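Below are the chains, spelled out letter by letter.
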Amino acid sequence: MPYRTRLLELGDQDKPEYRALQPFGQVPILEEDGRVLFESGAIVLHIGELAASLCLLLKSLGMTSRRAHQSDDRRKGEGQ
Ligand SMILES: N[C@@H](CCC(=O)N[C@@H](CS)C(=O)NCC(=O)O)C(=O)O
């Protein structure tokens, strides 16, 4: 699952742009497809559900996550 992290500077949490994402000005938050999740428990559950869905998808394709990683590593190695 590709992801990007964003480092906040001191005080960013109090800016209106951030408060629009997290009303209490706390971290962490997760932004995904225009949706924002906050509360670390909710974020962890969501990531777990995504991972479980990916696992089911791989199984339905007859692949294990290990094989998917190996294919991905091979693909990344191309062109080196
Ligand atoms: N219940 C929240 C608590 C988050 C929290 O306390 N975050 C701290 C950093 S670990 C924070 O942003 N503190 C700054 C503040 O409360 O203004 C969660 O689990 O996500």
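As a reminder, the structure under discussion sits directly above these lines.
For the structure given in this document, a descriptive report is provided here.

Cut-offs applied
- Residues numbered from 1 in each chain as written.
- Predicted model: local features only at pLDDT ≥ 70, side-chain atom pairs only at ≥ 80, totals over all residues.
- Helix = DSSP H or I, 4+ residues; strand = E, 2+ residues; numbered from the N terminus.
- Rg over C-alpha atoms; globule rule 2.2 N^0.38 Å.
- Buried ≥ 20, exposed ≤ 12 C-beta atoms within 10 Å, placed from the backbone.
- Near = placed C-beta within 6 Å.
- Nonpolar A, V, L, I, M, F, W, Y, C, P; charged D, E, K, R; others polar.
- Pairing = 2+ DSSP bridges.

Quick word on the overall build of the protein chain
When its secondary structure is counted, the protein chain shows three helices and two strands. In the protein chain, the succession of α and β elements from N to C terminus is α-β-β-α-α. Scaling as 2.2 N^0.38, a compact globule of 80 residues should have a C-alpha radius of gyration of about 12 Å, whereas the protein chain reaches 17 Å, well beyond that. Taken over the C-alpha atoms alone, the protein chain extends approximately 45 × 30 × 20 Å along its principal axes. With 80 residues in all, the protein chain has 0% of them scored as buried.

Brief notes about the site of the ligand
Lining the immediate environment of the ligand, one finds Gln13, Gly25, Gln26, Val27, Glu39 and Ser40. Per-class residue counts for the shell around the ligand are one nonpolar, four polar and one charged.

Details of the pairing of strand S1 (residues 29-32)
Of the strand pairs in this sheet, S1 and strand S2 (residues 35-38) are connected by four bridges, and their pairing is antiparallel. Paired with Glu31 across the strands is Val36, a residue of S2. Counted along the chain from S1 to the antiparallel partner S2, the turn is two residues long, and its residue Asp33 has a positive phi close to 50°.

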